[in-house]
There are 2 protein chains.
Amino acid sequence: MSAHPTSDLNDVVHQRHRLGILTIAAESKRVEFGYLKDALELTGGNLSRHITVLNDAGLVDIEKGYEGKRPKTWVAITDAGRTALAAEIAALRALLAKHDQ
Amino acid sequence: MSAHPTSDLNDVVHQRHRLGILTIAAESKRVEFGYLKDALELTGGNLSRHITVLNDAGLVDIEKGYEGKRPKTWVAITDAGRTALAAEIAALRALLAKHDQ
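Described in the following lines is the structure provided in the data block. These numbers were taken from a predicted model, which means no experiment stands behind them.

1. Quick look at the pairing of strand S2 (residues 60-67) of chain B
Residues and elements named next belong to chain B.
- Relative to strand S3 (residues 70-77), S2 runs antiparallel, the two sharing 8 bridges. Directly across from Glu63, in S3, lies its bridge partner Trp74.
- Hairpin connection of S2 to S3: 2 residues between the antiparallel strands, including Gly68 at a positive phi of 65 degrees.

Below, the structure is given as C-alpha coordinates:
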(Lines give C-alpha, C1' and ligand atoms only; values in the text may rest on other atoms or scores of the structure.)
Protein backbone atom coordinates (compact mmCIF):
# COMPACT_ATOMS: atom_id res chain seq x y z
CA MET A 1 0.00 0.00 0.00
CA SER A 2 1.45 3.38 -0.92
CA ALA A 3 1.82 5.81 1.95
CA HIS A 4 -1.08 8.09 2.80
CA PRO A 5 -0.46 11.81 2.01
CA THR A 6 -0.40 12.58 5.73
CA SER A 7 2.75 10.43 6.00
CA ASP A 8 4.55 13.10 3.98
CA LEU A 9 3.66 15.86 6.43
CA ASN A 10 6.43 16.98 8.75
CA ASP A 11 5.36 17.91 12.27
CA VAL A 12 7.91 20.75 12.48
CA VAL A 13 6.26 22.47 9.50
CA HIS A 14 2.71 21.11 9.77
CA GLN A 15 1.93 22.48 13.26
CA ARG A 16 -0.61 25.21 12.47
CA HIS A 17 1.19 28.20 13.98
CA ARG A 18 4.52 27.21 12.44
CA LEU A 19 2.77 26.72 9.11
CA GLY A 20 1.43 30.27 9.51
CA ILE A 21 4.86 31.68 10.37
CA LEU A 22 6.49 30.03 7.37
CA THR A 23 3.67 31.04 5.02
CA ILE A 24 3.96 34.69 6.01
CA ALA A 25 7.77 34.62 6.08
CA ALA A 26 7.82 33.15 2.56
CA GLU A 27 6.01 36.23 1.24
CA SER A 28 8.91 38.60 1.87
CA LYS A 29 12.64 38.76 2.60
CA ARG A 30 12.05 39.05 6.32
CA VAL A 31 9.14 39.72 8.65
CA GLU A 32 9.04 41.59 11.95
CA PHE A 33 8.10 39.76 15.16
CA GLY A 34 5.26 42.14 16.11
CA TYR A 35 3.73 41.80 12.66
CA LEU A 36 3.72 37.99 12.93
CA LYS A 37 2.25 38.20 16.42
CA ASP A 38 -0.69 40.30 15.21
CA ALA A 39 -1.21 38.41 11.96
CA LEU A 40 -1.34 35.02 13.71
CA GLU A 41 -3.06 36.27 16.88
CA LEU A 42 -0.40 34.71 19.11
CA THR A 43 1.10 35.81 22.40
CA GLY A 44 4.76 36.84 22.29
CA GLY A 45 5.78 33.82 24.35
CA ASN A 46 3.93 31.37 22.13
CA LEU A 47 5.32 32.95 18.95
CA SER A 48 8.85 32.88 20.42
CA ARG A 49 8.60 29.18 21.18
CA HIS A 50 7.48 28.32 17.65
CA ILE A 51 10.18 30.51 16.09
CA THR A 52 12.79 28.73 18.24
CA VAL A 53 11.57 25.33 16.96
CA LEU A 54 11.83 26.56 13.35
CA ASN A 55 15.24 28.13 14.00
CA ASP A 56 16.56 24.93 15.63
CA ALA A 57 15.44 23.02 12.52
CA GLY A 58 17.27 25.52 10.28
CA LEU A 59 14.05 26.71 8.64
CA VAL A 60 14.26 30.37 9.71
CA ASP A 61 16.98 32.80 10.71
CA ILE A 62 16.43 35.25 13.54
CA GLU A 63 17.87 38.76 13.19
CA LYS A 64 17.94 41.23 16.04
CA GLY A 65 18.49 44.96 15.60
CA TYR A 66 16.99 48.41 16.06
CA GLU A 67 14.42 50.47 14.24
CA GLY A 68 15.36 53.92 15.52
CA LYS A 69 15.89 53.27 19.21
CA ARG A 70 13.40 50.41 19.44
CA PRO A 71 14.81 46.89 19.56
CA LYS A 72 13.27 44.70 16.90
CA THR A 73 13.42 41.05 15.92
CA TRP A 74 13.02 39.88 12.36
CA VAL A 75 12.43 36.38 11.09
CA ALA A 76 13.73 35.35 7.68
CA ILE A 77 12.88 32.06 5.98
CA THR A 78 15.95 30.07 4.88
CA ASP A 79 16.35 28.10 1.65
CA ALA A 80 15.75 24.94 3.71
CA GLY A 81 12.60 26.60 5.07
CA ARG A 82 11.30 27.32 1.57
CA THR A 83 12.01 23.72 0.55
CA ALA A 84 10.25 22.33 3.64
CA LEU A 85 7.26 24.61 3.12
CA ALA A 86 7.01 23.58 -0.54
CA ALA A 87 7.01 19.89 0.51
CA GLU A 88 4.25 20.57 3.05
CA ILE A 89 2.14 22.41 0.49
CA ALA A 90 2.62 19.57 -2.02
CA ALA A 91 1.53 17.02 0.60
CA LEU A 92 -1.52 19.15 1.48
CA ARG A 93 -2.44 19.37 -2.21
CA ALA A 94 -2.25 15.56 -2.44
CA LEU A 95 -4.48 15.31 0.63
CA LEU A 96 -7.04 17.77 -0.76
CA ALA A 97 -7.00 15.87 -4.06
CA LYS A 98 -8.14 12.77 -2.11
CA HIS A 99 -10.99 14.83 -0.69
CA ASP A 100 -11.96 15.95 -4.21
CA GLN A 101 -12.29 12.37 -5.47
CA MET B 1 -6.36 42.57 10.29
CA SER B 2 -8.45 39.54 9.35
CA ALA B 3 -7.29 36.27 10.84
CA HIS B 4 -4.73 34.22 8.97
CA PRO B 5 -6.10 30.92 7.56
CA THR B 6 -3.99 28.98 10.06
CA SER B 7 -6.07 30.56 12.86
CA ASP B 8 -9.02 28.51 11.60
CA LEU B 9 -7.17 25.23 11.95
CA ASN B 10 -8.08 23.10 14.96
CA ASP B 11 -5.21 21.20 16.58
CA VAL B 12 -7.40 18.19 17.35
CA VAL B 13 -8.09 17.71 13.63
CA HIS B 14 -4.98 19.30 12.11
CA GLN B 15 -2.41 16.99 13.74
CA ARG B 16 -1.20 14.97 10.77
CA HIS B 17 -2.03 11.47 11.99
CA ARG B 18 -5.48 12.52 13.20
CA LEU B 19 -6.07 14.25 9.85
CA GLY B 20 -5.14 10.95 8.20
CA ILE B 21 -7.49 8.94 10.44
CA LEU B 22 -10.42 11.28 9.78
CA THR B 23 -9.71 11.40 6.02
CA ILE B 24 -9.76 7.62 5.74
CA ALA B 25 -12.71 7.24 8.12
CA ALA B 26 -14.71 9.73 6.06
CA GLU B 27 -14.42 7.47 3.01
CA SER B 28 -16.59 4.72 4.46
CA LYS B 29 -19.10 3.91 7.18
CA ARG B 30 -16.44 2.49 9.46
CA VAL B 31 -12.81 1.46 9.18
CA GLU B 32 -10.94 -1.36 10.91
CA PHE B 33 -8.06 -0.56 13.29
CA GLY B 34 -5.52 -2.76 11.50
CA TYR B 35 -6.35 -1.16 8.16
CA LEU B 36 -5.75 2.33 9.59
CA LYS B 37 -2.51 1.17 11.19
CA ASP B 38 -1.16 -0.08 7.86
CA ALA B 39 -2.48 2.81 5.77
CA LEU B 40 -0.97 5.44 8.06
CA GLU B 41 2.16 3.44 8.93
CA LEU B 42 1.59 3.90 12.66
CA THR B 43 2.28 1.63 15.62
CA GLY B 44 -0.79 0.29 17.39
CA GLY B 45 0.00 2.36 20.49
CA ASN B 46 0.38 5.57 18.55
CA LEU B 47 -2.82 4.96 16.56
CA SER B 48 -4.71 4.15 19.80
CA ARG B 49 -3.64 7.41 21.40
CA HIS B 50 -4.80 9.48 18.42
CA ILE B 51 -8.12 7.61 18.20
CA THR B 52 -8.66 8.31 21.91
CA VAL B 53 -8.11 12.05 21.35
CA LEU B 54 -10.62 12.00 18.48
CA ASN B 55 -13.11 9.95 20.50
CA ASP B 56 -12.80 12.28 23.52
CA ALA B 57 -13.58 15.19 21.17
CA GLY B 58 -16.66 13.35 19.85
CA LEU B 59 -15.25 13.13 16.33
CA VAL B 60 -15.17 9.32 16.05
CA ASP B 61 -16.98 6.41 17.65
CA ILE B 62 -15.10 3.24 18.58
CA GLU B 63 -16.85 -0.10 18.05
CA LYS B 64 -15.46 -3.37 19.40
CA GLY B 65 -16.56 -6.77 18.18
CA TYR B 66 -15.50 -9.98 16.51
CA GLU B 67 -14.80 -11.05 12.95
CA GLY B 68 -15.18 -14.80 13.33
CA LYS B 69 -13.29 -15.47 16.55
CA ARG B 70 -10.86 -12.57 16.17
CA PRO B 71 -11.49 -9.45 18.26
CA LYS B 72 -11.63 -6.37 16.07
CA THR B 73 -11.94 -2.64 16.62
CA TRP B 74 -13.65 -0.34 14.16
CA VAL B 75 -13.56 3.43 14.01
CA ALA B 76 -16.53 5.37 12.65
CA ILE B 77 -16.51 9.09 11.96
CA THR B 78 -19.38 10.96 13.66
CA ASP B 79 -21.42 13.82 12.19
CA ALA B 80 -19.35 16.20 14.34
CA GLY B 81 -16.23 14.56 12.89
CA ARG B 82 -17.41 15.15 9.33
CA THR B 83 -18.18 18.78 10.18
CA ALA B 84 -14.76 19.30 11.82
CA LEU B 85 -12.97 17.65 8.89
CA ALA B 86 -14.87 19.83 6.41
CA ALA B 87 -13.82 22.95 8.36
CA GLU B 88 -10.18 21.80 8.33
CA ILE B 89 -10.27 21.14 4.59
CA ALA B 90 -11.84 24.56 3.97
CA ALA B 91 -9.09 26.25 6.04
CA LEU B 92 -6.41 24.31 4.15
CA ARG B 93 -7.95 25.37 0.84
CA ALA B 94 -7.80 29.01 2.01
CA LEU B 95 -4.16 28.52 2.99
CA LEU B 96 -3.26 26.94 -0.36
CA ALA B 97 -5.06 29.80 -2.13
CA LYS B 98 -2.65 32.20 -0.40
CA HIS B 99 0.24 30.13 -1.76
CA ASP B 100 -1.24 30.32 -5.26
CA GLN B 101 -1.36 34.12 -5.23
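2. Some thoughts on the nonpolar core
- Counting residues in each nonpolar core, the largest one holds 54 residues, and the members touching the most others are Leu36(A) and Leu36(B).
- Sequence-distant contacts of Leu36(B), defined by excluding residues within four places in its chain, comprise Ile21(B), Ile24(B), Val31(B), Glu41(B), Leu47(B), Ile51(B) and Val75(B).

3. A word on helix H2 (residues 16-25) of chain B
- Counting buried positions along H2(B) gives 10 out of 10 residues, so the element sits mostly inside the fold.
- Considered for burial, the residues of H2(B) that qualify are Arg16(B), His17(B), Arg18(B), Leu19(B), Gly20(B), Ile21(B), Leu22(B), Thr23(B), Ile24(B) and Ala25(B).

4. A closer look at the relation of the copies chain A and chain B
- Overlay of chain A on chain B (RMSD 0.0 Å): rotation 180 degrees, translation along the axis 0.0 Å. Given the turn and translation reported, the copies of this chain are related as if by a two-fold rotation axis. Closest approach to the rotation axis within chain A is made by the C-alpha atom of Gln15(A), at a distance of 3.5 Å.
- When you check the interface residues of chain A against chain B, 100% turn up at the interface there too, and the contact is symmetric in its surfaces.

5. Considerations on the sheet that holds strand S3 (residues 70-77) of chain A
Residues and elements named next belong to chain A.
- One open sheet accounts for 3 strands, arranged S1-S3-S2; its pairing is antiparallel. Of all the strands in the sheet, just strand S1 (31-32) and strand S2 (60-67) have a single pairing partner and so form its edges.
- Bridging between S1 and S3 involves 2 bridges; their strand directions are antiparallel. Paired with Val31 across the strands is Val75, a residue of S3.
- Of the strands in this sheet, S2 and S3 touch helix H4 (residues 44-56), which is tilted by about 125 degrees from S2.

6. Considering the interface of chain A and chain B
- Counting from both sides, the interface comprises 30 residues of chain A and, opposite them, 30 residues of chain B.
- In total, chain A and chain B occlude about 2,700 Å² of area from one another, counting both sides; carbon and sulfur atoms represent 61% of this.
- Applying the counting rule to chain A against chain B returns 2 salt bridges.
- Note that Arg16(B) and Asp11(A) form a salt bridge whose closest N and O atoms lie 3.1 Å from each other.
- Our count for the chain A to chain B interface comes out at 10 residue pairs in polar contact (both at pLDDT 80 or more).

7. Looking at helix H4 (residues 44-56) of chain B
All names here are of chain B.
- Spanning 13 residues, H4 covers 18 Å between terminal C-alpha atoms, matching the ideal 18 Å at 1.5 Å per step.
- In this structure, the buried side of H4 is in contact with helix H1 (11-14), H2, helix H3 (33-40), S2 and S3.
- Two residues or fewer after H4 comes Gly58, characterised by a positive phi angle close to 80 degrees.

8. Description of the packing of aromatic side chains
- This model, assessed by the stated rule, comprises 0 aromatic pairs over all chains.
- Across from the ring centre of Trp74(A), 3.9 Å away, lies the NZ or CZ of Arg30(A), which sits over that ring.

9. Examining the packing of helix H2 (residues 16-25) of chain A against helix H3 (residues 33-40) of chain A
Residue and element names in this part refer to chain A.
- Two elements in contact, H2 and H3, have axes separated by 11 Å at closest approach and are oriented at 125 degrees. The orientation of H2 relative to H3 falls into the category oblique. Of the two elements, H2 crosses H3, and the hand of that crossing is right-handed. Two secondary-structure elements touch here, H2 through His17, Gly20, Ile21 and Ile24 and H3 through Tyr35, Leu36, Ala39 and Leu40.
- Its residues assigned to classes, the contact of H2 with H3 comprises 6 nonpolar, 2 polar and no charged.

Criteria and thresholds
- Residues numbered from 1 in each chain as written.
- Chains lettered and ligands numbered in written order.
- Predicted model: local features only at pLDDT ≥ 70, side-chain atom pairs only at ≥ 80, totals over all residues.
- Heavy atoms only, no water.
- Pairing = 2+ DSSP bridges.
- Helix = DSSP H or I, 4+ residues; strand = E, 2+ residues; numbered from the N terminus.
- Core = buried A, V, L, I, M, F, W, Y, C linked by side-chain atoms within 4.5 Å.
- Buried < 20%, exposed > 50% of the residue type's maximum accessible area, 1.4 Å probe, protein only.
- Contact = heavy atoms within 4.5 Å.
- Least-squares fit on C-alpha atoms with pLDDT ≥ 70 in both.
- Axes fitted to C-alpha atoms, helices over the stretch in contact; angles between N-to-C directions.
- Buried area = accessible area lost by both parts, 1.4 Å probe.
- Salt bridge = Lys/Arg side-chain N within 4 Å of Asp/Glu carboxyl O.
- Polar contact = N/O pair within 3.5 Å; in protein donor to acceptor, adjacent residues only side chain to side chain.
- Expected span 1.5 Å × (residues − 1).
- Phe/Tyr/Trp six-rings, centres within 6.5 Å; stacked < 30°, edge-to-face > 60°.
- Lys NZ or Arg CZ within 6 Å of the ring centre and 35° of its normal.
- Parallel < 35°, antiparallel > 145°, perpendicular 65-115°, else oblique.
- Left-handed = near helix turned anticlockwise from the far one by under 90°.
- Nonpolar A, V, L, I, M, F, W, Y, C, P; charged D, E, K, R; others polar.

That is the geometry; function is a separate question.
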